[in-house]
Amino acid sequence: MRIFLIGFMGVGKTTIGKKVAAALHIPFLDLDSYIAQQQNMSVADIFHHFGEDYFRMCESKCLQETTTSKSPPRTTRCSASTKS
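Fair warning: this is a prediction, and the values are worked out from it, not measured in the lab.

**Digging into the overall build of the chain**
Then comes step 1: Regarding its fold elements, the chain presents four helices and three strands.
Then comes step 2: In sequence order, the secondary structure elements of the chain are arranged as β-α-β-α-α-α-β.
Then comes step 3: Across the 84 residues in the chain, those meeting the buried criterion constitute 33%.
Then comes step 4: A total accessible area of about 5300 Å² is found for the chain, and carbon and sulfur atoms account for 58% of it.

**Here we look at the pattern of salt bridges**
Then comes step 1: One pass over the structure, following the stated rule, counts three salt bridges.
Then comes step 2: For Glu65, the salt bridge identified is with Lys61, shortest N-O distance 3.2 Å. Note that Glu65 and Lys61 are positioned in helix H4 (residues 52-65) at a spacing of four residues, about one turn of the helix.
Then comes step 3: Note on Glu65: relative accessible area 34%, which makes it partly exposed.
Then comes step 4: Here the salt bridges do not stand alone but share partners, grouping Glu52, Arg56 and Glu59 into one network.

Conventions adopted
Residues numbered from 1 in each chain as written. Predicted model: local features only at pLDDT ≥ 70, side-chain atom pairs only at ≥ 80, totals over all residues. Heavy atoms only, no water. Helix = DSSP H or I, 4+ residues; strand = E, 2+ residues; numbered from the N terminus. Buried < 20%, exposed > 50% of the residue type's maximum accessible area, 1.4 Å probe, protein only. Areas by Shrake-Rupley, 256 points an atom, 1.4 Å probe, with all protein chains shown as cover. Salt bridge = Lys/Arg side-chain N within 4 Å of Asp/Glu carboxyl O.

Read these as layout, nothing more, since geometry by itself doesn't imply function.
This is the structure we're talking about:
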């Protein structure tokens, strides 16, 4: 089972995602945190140095990486403008 929470900044995706993941006993993945870890810099720094288009490209790539048929069940928080 994979659950994706998509919405605008500040609407509670992370809060709800963590609660849903805990209730279902599955991992929670915050896509922004995953991207920051993969890029070794904060999301704000990625936007500042490379721009939104680059961040959205990273977002799409990381979302695809984390949703393969071999990836474990999880709850994933994405932004409203994630492109696939």
